[in-house]
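Coordinate inspection notes
Read off the chains here:
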Amino acid sequence: MALDLASLLGKKNPPLVGLDISTSDVKIVELSKSGDNTYRLERCGSEPLPKGAVVDGNIENIEQVSEAIRKVIKKSGTSVKNVALAMPASAVITKKIILPANLSEQSLEVQVESEANQYIPFAMDEVSLDFCVIGPAANSEEDVEVLLAASRKEKIEDRVAVIEASGLQAKVMDIESYAARASISRLIEQQPNSGRDQIYALFQIGAKVTYISILLNGEVIYERDQQFGGNQLTQDIVRNYGLSFEEAEAKKKQGDLPDSYEMELLEPFLESSALEVTRAIQFFFTSTPFTRVDQIYLAGGCAVIPGLVEIIAERTKLSTSVVSPFKGMDLSSNVSEKLLRTDAPSYLVACGLAMRRFG
């Protein structure tokens, strides 16, 4: 097995940076901890990717992606060479299984591989497999609950190749949804009563896909993705104003667009976004026993679009806020507070990956 999904849930690693490779850019985060165990944001940065370099989570152009990584490493100023990165959830099969608690580690590996055959629709020599013992099984003291995770080797090897071509070393391979969950769980713990018995809905609105995770007491009770994201607005800008995709993306972020933009393009996009969120919440209610959500968190590059929080709160009638994964952290002098004000919500996965440094 090459890298496998190594240390999916918690083996200790040397100092490392979190590196998030998305459809639109690469992001890096370096964290440290102070004596009182408070996180400190040492460095962060992002670098846009050419359109088509990453498509549906697959790396299509290794050279373009590794060049962007080299640029963001230089821009951030980090000297750390060890990297935690992640696979898209769609590229990883995960399954919780129950096994006897008294198995040796070697026997456990054999059992996991045997069980994995039932759930993985590929030949075992085509996949990288990892597992983690979660803890005692709920209904039996003699058993343990084990999480197994598997992904096609070629998909993992593409990401490792990109990291190595950038002069770095891949030390941890996580899953994007797990990394985001690590970030959001830290923030929930800062809520009154550590967020106990509250239902939090996280919407990560990316370039092409919105990932939805709903959490209760540290457990994910619902998750899915929807084909909706910020690229829809960018494509509208391209069509209406005759710009290239890269120009449209830049002008969208800078707010440097004609006066007609807000009414003709932005408002319809905000309405569509609010409709997507409202439908997702309703689908959660109809497909689970749950009948309430206490808080909506918005993350991803689109979360800071002016007016988005307000329209979602109005349409859903639920408390809604944009989330910053760096809330409550100390900031080093290397970090631009201006950057954090505008871009922090898009660093949720990169921050969760950087937290893997601390096991």
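Located above this text is the structure these notes cover.
Residues numbered from 1 in each chain as written. Predicted model: local features only at pLDDT ≥ 70, side-chain atom pairs only at ≥ 80, totals over all residues. Heavy atoms only, no water.

Notes on the overall build of the protein
For the record, the criterion: Where helices and strands are cited, they refer to DSSP runs of H or I of at least four residues and of E of at least two residues respectively, numbered from the N terminus. Only the C-alpha atoms count toward the radius of gyration. The rule for a globule is 2.2 Å times the residue count to the power 0.38. Summary of the burial criterion: residues with accessible area below 20% of their type's maximum are buried, those above 50% are exposed, and those between are partly exposed, where the area comes from a 1.4 Å probe applied to protein chains only. Residues count as neighbours in contact if any of their non-hydrogen atoms are within 4.5 Å of one another. Per-residue and other accessible areas were derived by the Shrake-Rupley procedure at a 1.4 Å probe size, with only the shown protein chains allowed to occlude residues.
Counting its regular elements, the protein contains 10 helices and 16 strands. The globule rule puts the C-alpha radius of gyration for 359 residues at 21 Å, and the 21 Å found for the protein is close to it. Judged by the C-alpha coordinates and their principal axes, the protein covers about 70 × 50 × 45 Å. Every one of the 359 residues in the protein was classed for burial, and the buried ones make up 48%. Taking all contacts inside the protein whose residues are at least 6 apart in sequence as the whole, residues at least 24 apart take part in 66%. Surface summary for the protein: the accessible area is close to 17,100 Å², and the carbon and sulfur share equals 47%.

Points about helix H2 (residues 105-119)
Selection criterion: A helix is expected to span 1.5 Å multiplied by its residue count minus one. To be clear, the arc concerns the directions from the helix axis to the C-beta atoms.
The terminal C-alpha atoms of H2, which comprises 15 residues, lie 21 Å apart, in line with the 21 Å expected from a rise of 1.5 Å per residue. Along H2, the residues that are buried comprise Leu 108, Val 112 and Ala 116. The buried residues of H2 all sit within an arc of 75° when viewed along its axis, so they share a single face. Seen from the open side of H2, the exposed residues pointing more than 90 degrees away from its buried face are Gln 106, Val 110 and Gln 118. At its buried positions, H2 is contacted by strand S7 (92-100), strand S8 (127-137) and strand S9 (140-152).

A short note on the packing of aromatic side chains
Put simply, the rule is: Put simply, two rings from Phe, Tyr or Trp (the six-membered ring, in Trp's case) pair if the centres are within 6.5 Å, and we call them stacked under 30 degrees between planes, edge-to-face over 60, tilted for the rest.
Applying the stated rule across the entire model yields 7 aromatic pairs. Judged by centre distance (5.6 Å) and plane angle (70°), the ring pair of Tyr 39 and Phe 358 falls under edge-to-face. Placement of Tyr 39 in strand S3 (residues 39-48) and of Phe 358 in the segment after helix H10 (348-354) is noted, with a sequence separation of 319 residues between them. What makes Phe 358 partly exposed here is its relative accessible area of 23%.

Side note on helix H1 (residues 62-76)
For H1, which comprises 15 residues, the first-to-last C-alpha distance of 21 Å matches the rise-based estimate of 21 Å (1.5 Å per residue) to within 8%. Turning to H1, its buried residues are Val 65, Ser 66, Ala 68, Ile 69, Val 72, Ile 73 and Ser 76. Down the axis of H1, the sector holding all buried residues measures 155°, keeping them to one side. Opposite the buried face of H1, by more than 90 degrees, sit the exposed residues Lys 74 and Lys 75.

Comments concerning empty space enclosed by the protein
In plain terms, the rule: In this analysis a 1.4 Å probe is tested at points of a 1 Å grid over the protein atoms alone, and where it fits but cannot get out there is a cavity; an open set with protein on both sides within 12 Å along at least five of seven lines is a pocket; lining residues have an atom within 4 Å of a point. Grid points are joined across faces, edges and corners, and a volume is the space filled by probe spheres set on the points. By the convention adopted, Pro, Cys, Tyr, Trp, Phe, Met, Ile, Leu, Val and Ala count as nonpolar, Lys, Arg, Asp and Glu as charged, and the other residues, Gly among them, as polar.
If you walk through the whole model with that rule in mind, you get 1 cavity of 30 Å³ or more. As a volume, the largest cavity reaches approximately 50 Å³. Lining the largest cavity we find Phe 203, Ile 205, Thr 210, Ile 212, Gln 226, Phe 228, Ser 273, Glu 276 and Val 277. When contributions to the lining of the largest cavity are tallied by element, the ones reaching two or more residues are strand S11 (199-205), strand S12 (210-216) and helix H7 (261-287). For the lining of the largest cavity, the leading source of residues is H7, giving 3 residues. In terms of residue class, the lining of the largest cavity is built from 5 nonpolar, 3 polar and 1 charged.

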